[in-house]
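Topology and contacts: notes
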Amino acid sequence: MPEFSKNPLSRREFVKSALIGSGTLAFGGFLVKAEERQETGGGKPRYSLVIVDYNKCTGCRTCEAVCSQANERVIIDGEELLGLGNPAEARVKVVSYNFPPVDVPNRCLECPDAPCIEACPVSPDPNTGRKALYRDEKTLAIKNDPERCIGCGNCARACEEKRVGIIKQDKKTGRPTTLCTLCEGDPQCVRYCPYDALTHFTGDGRHFALSPDKIAKRLAELWYYSGNREMGR
């Protein structure tokens, strides 16, 4: 995996500092971040996800590139290599808003109640108890079994209607795409984020999911103004 340079300049922090001051920013970042994180109860972690510190995220899209490299590998002369890093194939999607400028990395939140798994119509395997969509016991990531998946799209619709809408349905196979694999326990987006805006978090399962539109609206209110203005992409 290539090393990415650490750029000390944060465009967003500069803009935000110029507008409203660092004290309010710290509060805003805590408020939004706290709504996504799960509280630890001291027991064995049951859920795992990547959380975002929006005070640090600049929307640089490094997470998209390294995610694509790690999860869309290629085989050349029998050797498995990192993929090309095409952002279109990434499991994390940075949603950008222009008025005002806000960037929201959207990714699977590995929801504790998993409405995507609940919506899967495939009967649980008698040996493993898994549907076609299931939570991996080792990594705690939600995965799809392509051999059992019938391509109905129920999981994508459940994610869109009830959570963040990150699961998409492949146009050719009908199978779910953009499921976060957590890179088998070592998320590469976290490892190579140049601003330390991403954190791999595990806990006992209480966290909340907001759509990119709702997060962007909340951030805009915290960083730029108060009121009910519409966000524009």
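Since this is a predicted model, take the numbers as computed values, not measurements.

In this section: unusual backbone geometry. Of the consecutive residues F99 and P100, the connecting peptide bond is found in the cis state with omega at -5 degrees. Mapped onto the secondary structure, P100 falls in the loop between β4 (93-98) and β5 (101-106). Within the chain, L182 stands out as a residue other than glycine whose phi angle is a positive 55 degrees. Tracing the chain through its elements places L182 in the loop between β9 (176-177) and α6 (188-192). Judged by relative accessible area, which is 1%, L182 ranks as buried. Located in the positive-phi region is C183, a residue other than glycine, with phi close to 50 degrees. By the secondary structure assignment, C183 is in the loop between β9 and α6.

Attention shifts here to helix α5 (residues 154-162). The complete set of buried residues in α5 reads C155, A156, A158 and C159. On an axial view of α5, the arc spanned by its buried residues comes to 165 degrees, and they lie on one face. Turned more than 90 degrees away from the buried face of α5, the exposed residues are E160 and E161. In this fold, the buried residues of α5 make contact with α4 (115-119), β6 (133-135), β8 (168-169) and β9.

Below, the discussion takes up helix α7 (residues 212-223). Between its first and last C-alpha, α7 extends 16 Å over 12 residues, near the 16 Å set by a 1.5 Å rise per residue. Buried residues of α7: P212, I215, A216, L219, A220, L222 and W223, and no others. For α7, the arc enclosing every buried residue in end-on projection is 165 degrees, short of the 170-degree limit, so these residues lie on one face.

Criteria and cut-off values
- Residues numbered from 1 in each chain as written.
- Predicted model: local features only at pLDDT ≥ 70, side-chain atom pairs only at ≥ 80, totals over all residues.
- Heavy atoms only, no water.
- Helix = DSSP H or I, 4+ residues; strand = E, 2+ residues; numbered from the N terminus.
- Buried < 20%, exposed > 50% of the residue type's maximum accessible area, 1.4 Å probe, protein only.
- Arc of directions from axis to C-beta.
- Contact = heavy atoms within 4.5 Å.
- Expected span 1.5 Å × (residues − 1).

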